[in-house]
Each structure stands twice: as structure tokens, then as C-alpha cells.
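Fold and contact review
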Amino acid sequence: MAFSSDSGGGKPMAEINVTPLVDVMLVLLIIFMITAPLMTHKVKVELPEANLTKRVDKPIEVTPITIAVEESGALYWNDEPVTKGVVESRFSVEAQKTPQPQVNVRGDKTAKYKLVQEVVQIAQNQGMRKVGFVAIKDRSGQQ
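Before going into details, it helps to say that this report is about the structure given with it.

1. Details of the overall build of the protein
Secondary structure assignment for the protein yields three helices and five strands. Out of the 143 residues belonging to the protein, those deemed buried represent 17%. Within the protein, contacts between residues separated by at least 24 positions form 62% of all contacts whose residues are at least 6 apart in sequence. In the structure as shown, the protein presents an accessible area of about 12400 Å², 58% of it carried by carbon and sulfur atoms.

2. A closer look at the packing of helix α2 (residues 84–95) against helix α3 (residues 113–125)
Here α2 crosses α3 at 35 degrees, and the two axes come no closer than 9 Å. For the pair α2 and α3, the sense of crossing is right-handed. Every residue of α3 that contacts α2 at K84, V87, E88 and F91 is listed here: E118, V119, I122 and A123. Within the contact of α2 with α3, the residues separate by chemical class into five nonpolar, no polar and three charged.

3. Some details on α2
The first and last C-alpha atoms of α2 sit 16 Å apart over 12 residues, in line with the 16 Å expected at 1.5 Å per residue. Taken together, the buried positions of α2 are V87, F91, E94 and A95. End-on, the buried residues of α2 take up no more than an arc of 95 degrees, which puts them together on one face.

4. Structural notes on the pattern of salt bridges
All told, the structure shown has four salt bridges when counted by the stated rule. Among the ionic pairs, E80 bridges to R90, the shortest N-O distance being 3.0 Å. One end of the pair, E80, is in strand β3 (residues 80–82); the other, R90, is in helix α2, and 10 residues separate them in sequence. Given a relative accessible area of 26%, R90 falls into the partly exposed group.

5. Digging into unusual backbone geometry
Residues T98 and P99 are joined by a peptide bond in cis, for which omega reads -5 degrees. Mapped onto the elements of the fold, P99 is located in the loop between α2 and β4 (103–107). Positioned with a positive phi, D79 is a non-glycine residue whose angle comes to about 65 degrees. Topologically, D79 is positioned in the loop between β2 (75–77) and β3.

6. Focus: the pairing of β4
Two strands pair when backbone bridges link them, and strand β1 (residues 65–69) and β4 are joined in this way by five bridges, in the parallel orientation. For T66, the partnering residue across the bridge sits in β4 and is N104. Relative to strand β5 (residues 131–133), β4 runs parallel, the two being bridged by three bridges. Bridged to V105 within β5 is F133. Taken together, β4, α3 and β5 form a β-α-β motif whose crossover is right-handed.

Rules and cut-offs
- Residues numbered from 1 in each chain as written.
- Predicted model: local features only at pLDDT ≥ 70, side-chain atom pairs only at ≥ 80, totals over all residues.
- Heavy atoms only, no water.
- Helix = DSSP H or I, 4+ residues; strand = E, 2+ residues; numbered from the N terminus.
- Buried < 20%, exposed > 50% of the residue type's maximum accessible area, 1.4 Å probe, protein only.
- Contact = heavy atoms within 4.5 Å.
- Areas by Shrake-Rupley, 256 points an atom, 1.4 Å probe, with all protein chains shown as cover.
- Axes fitted to C-alpha atoms, helices over the stretch in contact; angles between N-to-C directions.
- Left-handed = near helix turned anticlockwise from the far one by under 90°.
- Nonpolar A, V, L, I, M, F, W, Y, C, P; charged D, E, K, R; others polar.
- Expected span 1.5 Å × (residues − 1).
- Arc of directions from axis to C-beta.
- Salt bridge = Lys/Arg side-chain N within 4 Å of Asp/Glu carboxyl O.
- Pairing = 2+ DSSP bridges.
- Right-handed = clockwise from strand over helix to strand, strands pointing away.

The structure is reproduced here in C-alpha cells:
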């Protein structure tokens, strides 16, 4: 605490010394005056303009692939008889398309699950992402 040497008789000073405050403000003013012009120098890039009024994007219609598996192990690609090697090569071709078609696997009621699982595994190994199963609703009303 600062004491005055006036005739106040040793009372504390009630006035704030503003000299350090003014010094700090002047230093900040000089810093901002120097750095403000430097912030305006930016790289000028000419961006392309998008014309959104002529946009006519239609969703691409992709027909799903249906693979039928019979009890005997026979495979059908959209009702066309094929072998496992042909199915594998066709899946690798279809996996390269954008967007990928969906694969629907229809297993015969009496077909072993191993046969259906092999078809699903071939599809996934070749890169097919959308693999699903097709079933019919139970007509007996039981759930």
C-alpha cells in the first residue's frame, strides 16, 4: 500500500496511478496496428461456381440379384441355372458397380443351411455389401 508524503498525515492514497495502464494500452495499440495489415494478405483462389438450377439427378434404378438355392445344391441367378464358379465371377463383376445391387438369397425349404451359407460367403468374399434373405409369410396364421 502506498503512503503519501503530503500533509495528509500518513493516510493511504485514494487515487489510482494510471501511468502503467496507459503504457499497457499504448503497447497493445501498437501491436494491433502492426498486425492488422498483415492479416489482410491472403491467398486469392478463384472457386468454381455451382449452377444448381439445372440439376436433374435421377436416382439410378438398380435391379436386385436373386440367387435361388435348391435342396440338390443347384443355383439359379435370376432364374437362370449357374454353377458356383459362375456365381463367384458374376459377384466379383457386380461388386465393382456403383451403386451395388442388393443380393436376395432364396433358399429352398428343404435345402441345407450349409448350401445357403456358402452362397452368402461367396457374395461377401467378392465384395457384395447388401446380402439378404427372401422368405414367404406363413399362411397358417401362426406366429
